[in-house]
Amino acid sequence: MPVILVANPKGGVGKSTVATNIAGLFARRGHKVMLGDADKQQSSRRWLALRPPELPVIEGWDFEDEKTVKPPKGVSHVVIDTPAGLSGKQLKALYRVADRIVIPLQPSLFDIQATFDFVQKLSDLRAQGLRHDAGPQLGIVGMRVKEGTLSMQQLQGFLPELAVPVLAWLRDTQNYVQLAARGLTIWDVATSRVERDLAQWQELSAWLDAPRTAA
């Protein structure tokens, strides 16, 4: 059962957008998906409450502080949305259960600095030997991207320092905002409406589907 953690300690980078759309992708493929919300703001849980009942089902998963519980039997895929400032015991607990960590990143100096520190923290956790394997695989998702801007150029220049693969560049569009307000994802509407957005998810989708390898 793959567990996908969507995390970045910087607030406002689009974690809930990525988490809900990953859950929507799995659900559309017929998987039994559980969306966990470790954020006190409960953005993903509120989004679930808006989701129309006729769409592929996504179950909720509650957390209690840094403690996690095993999902019920029958769940095939778990996606976990996380809060800003993720650290300490909560980060360690989630790190232990994650198979993959998706790190949303916006093209701004503050986001870049916070993400660099977060990736270093994950590297430190791996070095501490918290797990018996090589730890979760990491991937970057560029958020609200506007091609040709100075901030985009700065982000592209910074990425080699992270040594983490970039899985997607998601454009700056109102599609995600408008769909989220109705409990929807880009997988729940006509392809013609979100064709450009679906194309940007291809590499990320393949990475989520690929067999997990030792890092």
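Structure: see above.
Residues numbered from 1 in each chain as written. Predicted model: local features only at pLDDT ≥ 70, side-chain atom pairs only at ≥ 80, totals over all residues. Heavy atoms only, no water.

Quick notes on the overall build of the protein chain
Thinking step 1. Secondary structure summary: the protein chain contains 8 helices and 7 strands in total.
Thinking step 2. For a compact globule of 215 residues, the expected C-alpha radius of gyration is about 17 Å, and the protein chain comes in at 16 Å, within 12% of that figure.
Thinking step 3. Its C-alpha atoms give the protein chain principal-axis dimensions of about 45 × 45 × 30 Å.
Thinking step 4. Burial analysis of the protein chain (215 residues in total) assigns 50% to the buried set.
Thinking step 5. Partitioning the intrachain contacts of the protein chain with sequence separation of at least 6 by distance along the chain shows that 79% fall at a separation of at least 24.
Thinking step 6. Only carbon and sulfur atoms are counted for the fraction: they give 51% of the accessible area of the protein chain, which is about 10700 Å².
Thinking step 7. Separation of charge centres in the protein chain, based on 26 positive and 22 negative side chains, amounts to 3 Å. (Helix = DSSP H or I, 4+ residues; strand = E, 2+ residues; numbered from the N terminus. Rg over C-alpha atoms; globule rule 2.2 N^0.38 Å. Buried < 20%, exposed > 50% of the residue type's maximum accessible area, 1.4 Å probe, protein only. Contact = heavy atoms within 4.5 Å. Areas by Shrake-Rupley, 256 points an atom, 1.4 Å probe, with all protein chains shown as cover. Lys, Arg positive; Asp, Glu negative; His and termini not counted. Charge placed at Lys NZ, Arg CZ, Asp CG, Glu CD.)

Structural notes on the side chain of Asp 111
Thinking step 1. Position of Asp 111 relative to the elements: it lies in helix H4 (residues 109–127).
Thinking step 2. Here Asp 111 sits buried without a salt bridge, and the closest side chain of opposite charge, Lys 10, lies 4.1 Å off (N-O distance).
Thinking step 3. Among residues more than four places away in sequence, those in contact with Asp 111 are Lys 10, Val 13, Leu 105 and Gln 106. (Salt bridge = Lys/Arg side-chain N within 4 Å of Asp/Glu carboxyl O.)

Notes on the packing of H4 against helix H5 (residues 150–162)
Thinking step 1. Remark: H4 packs on H5, axes separated minimally by 11 Å, with the N-to-C direction vectors making an angle of 10°. Comparing their axes, H5 and H4 come out roughly parallel. Where H4 approaches H5, its residues Ile 112, Thr 115, Phe 116 and Val 119 are matched on the opposing element by Gln 154, Leu 155, Phe 158, Glu 161 and Leu 162.
Thinking step 2. Here the contact of H4 with H5 is built from residues that sort into 6 nonpolar, 2 polar and 1 charged. (Axes fitted to C-alpha atoms, helices over the stretch in contact; angles between N-to-C directions. Parallel < 35°, antiparallel > 145°, perpendicular 65-115°, else oblique. Nonpolar A, V, L, I, M, F, W, Y, C, P; charged D, E, K, R; others polar.)

As for the packing of aromatic side chains
Thinking step 1. For the structure shown, the criterion picks out 2 aromatic pairs.
Thinking step 2. For the pair Trp 187 and Trp 201, a centre-to-centre distance of 5.7 Å together with 85° between the ring planes defines the contact as edge-to-face. Here Trp 187, found in the loop between helix H6 (175–180) and helix H7 (195–200), pairs with Trp 201, found in the loop between H7 and helix H8 (202–209); they are 14 residues apart in sequence, far enough to count as distant.
Thinking step 3. Above the plane of the ring of Tyr 95 lies Arg 131, whose end atom (NZ or CZ) is 5.9 Å from the centre. (Phe/Tyr/Trp six-rings, centres within 6.5 Å; stacked < 30°, edge-to-face > 60°. Lys NZ or Arg CZ within 6 Å of the ring centre and 35° of its normal.)

Topic: unusual backbone geometry
For residues that are not glycine, phi is negative in most cases, and the peptide bond is trans in most cases.
Thinking step 1. For Arg 144, which is not glycine, the phi dihedral falls at a positive 50°.
Thinking step 2. Topologically, Arg 144 is positioned in strand E6 (residues 137–145).
Thinking step 3. With phi around 60°, Ala 163 is a residue other than glycine that occupies positive phi space.
Thinking step 4. When its relative accessible area of 70% is taken as the criterion, Ala 163 is described as exposed.

Overview of the pairing of strand E7 (residues 166–171)
Thinking step 1. With 4 bridges connecting them, E6 and E7 associate as parallel partners. For Gly 142, the partnering residue across the bridge sits in E7 and is Trp 169.
Thinking step 2. Note on the crossover from E6 through H5 to E7: the handedness is right-handed. (Pairing = 2+ DSSP bridges. Right-handed = clockwise from strand over helix to strand, strands pointing away.)

What to know about the side chain of Asp 37
Thinking step 1. For Asp 37, the location among the structural elements is in strand E2 (residues 33–37).
Thinking step 2. Comment: no salt bridge for buried Asp 37; closest opposite-charge side chain is Arg 45, at 7.2 Å.
Thinking step 3. Only 3.3 Å separates the side chain of Asp 37 from the backbone nitrogen of Ser 43, close enough to count as a polar contact. (Polar contact = N/O pair within 3.5 Å; in protein donor to acceptor, adjacent residues only side chain to side chain.)

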